[in-house]
Amino acid sequence: MGTNWVDILIKAFYIAKKDAKVYYFKAPNLTYGLLMPVSLFLAFSIAGQINPRLIASGLTSLVILFGTTSIEAVAIVLEKQTGTFERLLAAPVSFFTLLLGKALSGFLFGLVIATVILVPFASVSETAVANPLLVFIAIAFSSLTFSALGVLVSAYANWVPEAQMLSNFLRFPMAFLSGTFVPLELMPSHLEVVARFLPLTYSVEALRTSMTDSAITPAYLLDILALGLFSFAFLAIAAKVLQKRID
Amino acid sequence: MTHLQNAVAVDGLTKYYGKLLAVDRIDFDVEQGSIFGLLGPNGAGKSTTVGMLAGLTKPSAGKAIVLGFDVTHETIRAKQQIGMVPELSNVYDEMTALENLVFAGQLYGVPRKEIRSRAKELLEIFGLSNRATDLVGALSKGMKRRLTIACALIHKPKLLFLDEPTTGLDVQSARLVRELIRRLNKDGVTVFLTTHYIEEADQLCEQIAIINRGKIVALGSPEKLKARIKGVKVIEVSFSKTLANMEGELQHISGVDEIHTFGDEFRVFAKESADIVADLVDYARTRGLAVNSINTVKPSLEEAFIKITGLDSEIMMSEKERIKPERGGRSGNELG
């Protein structure tokens, strides 16, 4: 029997829909996902008089990173604690479907909060968006990557505080080292090398490129490819970790 | 697909957690349409066995065929045919009873047109119709338990695994759940039950496997298990006073095999032929005691369990109650 991708996607969608209802679209979560990166960004950018395009791309990437991982990182942990994860495991869905569903909810949440931030910001600051479709693709890949990162954290952690600590350990250094506040070319060369290993770098770059250039450039394609690879790697490692823990 | 005559066929099933041997080469079959009970103390390997049979965890060795599907290699197909009710109710507090059932139906691939009607039918059967649109967080423990069972039945499984279905329930809810189990079985569902309530296993199950330290130590119908201690007389006796080393002294009465103490009551196991009652009365007289009560009882499944496992049946109860965790609250607002 071959893989039934339609069935996988439908069931992943049901899991995502359930997660959205149970975990994501609640006022405190929305507020945290937006307020934290916005405050962080304003604190560092107002004095520096940064170009609005730089602000828009950095801020959007940060909002996606914080918004998706905040909940994704604890979603599986909470399910493990309350026993509902066992219910998902008992259902006739593959492990891949289960994790895809988990990542999908974070992905959809990322799309929503990125739009909520970017559209008003671009309107108010009169920032022209060169190619909205490419911007959307960059947002979509960023959401998927950070959501998958959240799933990975959740796979490792046993308790909510552990998941929170792990995700902060990853998010805060990433926020400062990925060209979000300071463009990469202005950073010391050794930190630039570090930045190349961080998914947020590619998210910021892809958004920045698509906001300034309407054509699909090789740099943009590379950024999207890197985000795709990060997503796949995070999900694959998360699946291995969880499977090992269950067995 | 193989072994269609049995709902479950287990052959040398083994599970290691690291170096810890949790289930040790167990073998048994579960007949289609029966109620099968896996009885054992805490940590005996019951949940691990169910976990392997339900496809939640992979066996380290051995084979398990569930409704004709190998659970290791045809896991998803096996899962499609079974319902699983874990020890702790695992419904989503943030969703309504109806939404929980619909979600379960979606996961099991119940056709869209049928999900709602099936969910409503189950709410009716389980006496939850009037709470269908209430958030599950507001339901009582017994109602959550019933809803958990209902969720496991949304896809009309042929085999239902119930892990400690009545643990922590009040008497009325527990009776209701037992009644539902009987009704489901009558409707053709094979029930695989794990329990530490010996009486529950005796009442419900046609076949019982007793598991201890990962091994099946006895297998058969409740009657057959009781027959294993046939030829054994069980006398419950209590005296006006409990003396020091009384158990040791009673043990020396000729024909006494074993003594178990329950508070101020002694349960004396002796050979059928021995005239133990008279000897116990004599013992009381010589020690200046009065006999408060003395009864000869028919060996129960509990006695059989004690004899077979060498464990005190109360251990099963007290350990379970002690380790039973309170379900962690889930707010959905815990952020990192």
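For clarity, every value in this text was computed on a predicted model and none was experimentally measured. All residue numbers refer to position in the chain's written sequence, counted from 1. Key to labels: chains lettered from A, ligands numbered from 1, both in the order written. Given that the model is predicted, a residue must reach a pLDDT of at least 70 before its local features are reported, and side-chain atom pairs must reach 80 or more before they are shown or counted; all residues, however, enter totals for whole chains, interfaces and linings.

Details of the overall build of chain B
For clarity, the threshold we go by: Starting at the N terminus, helices and strands are each numbered in turn, a helix being any DSSP run of H or I of at least four residues and a strand any DSSP run of E of at least two. With C-beta atoms placed from the backbone, a residue is labelled by how many other C-beta atoms lie within 10 Å of its own: buried for 20 or more, exposed for 12 or fewer, partly exposed between the two. Residues are treated as contacting if the C-beta atoms built from their backbones sit within 7 Å of each other.
From N to C terminus, chain B includes 12 helices and 14 strands. When the backbone C-alpha atoms are referred to their principal axes, chain B occupies close to 80 × 45 × 45 Å. Within chain B, buried positions represent 45% of all 336 residues. The contacts in chain B between residues at least 6 apart in sequence include a share of 69% that link residues at least 24 apart.

A closer look at the interface of chain A and chain B
Selection criterion: The classification used treats Ala, Val, Leu, Ile, Met, Phe, Trp, Tyr, Cys and Pro as nonpolar, Asp, Glu, Lys and Arg as charged, and all other residues, Gly among them, as polar.
Every contact between the two is made by 34 residues of chain A and, on the other side, 26 residues of chain B. Contributing elements (two or more residues each) for the side of chain A that touches chain B: helix H1 (5-24), helix H2 (27-45), helix H3 (52-82), helix H4 (84-90) and helix H7 (160-177) of chain A. Among the elements that make up the side of chain A that touches chain B, the one with the highest residue count is H3 of chain A (seven residues). Grouping the amino acids of the side of chain A that touches chain B by side-chain chemistry returns 17 nonpolar, 10 polar and seven charged.

Some details on the environment of Val151 of chain A
All names here are of chain A. One can find Val151 in helix H6 (residues 132-156). The exposure class of Val151 is buried, given the 30 C-beta atoms found within 10 Å. Between the alpha carbons of Val151 and Gly228 there is a distance of 15 Å; along the sequence they are 77 residues apart. Setting aside anything within four residues of it in sequence, one finds Val151 in contact with Glu72, Ile76, Leu99, Lys102, Ala103, Phe234, Leu235 and Ala238.

Section: unusual backbone geometry
All names here are of chain B. The phi angle at Arg25 is positive, at roughly 45°, despite the residue not being glycine. Topologically, Arg25 is positioned in strand S2 (residues 20-31). For Glu164, which is not glycine, the phi dihedral falls at a positive 50°. Within the element layout of this structure, Glu164 appears in the loop between strand S7 (159-163) and helix H6 (171-186). Judged by the 22 C-beta atoms lying within 10 Å of it, Glu164 is buried.

Structural notes on the domain arrangement of chain B
Note the following rule: What marks off one domain from the next here is an automatic or database domain assignment.
Entries for chain B in the domain assignment read domain 1 (6-221) and domain 2 (231-298). Between domain 1 of chain B and domain 2 of chain B, the C-alpha centre-to-centre distance is 41 Å.

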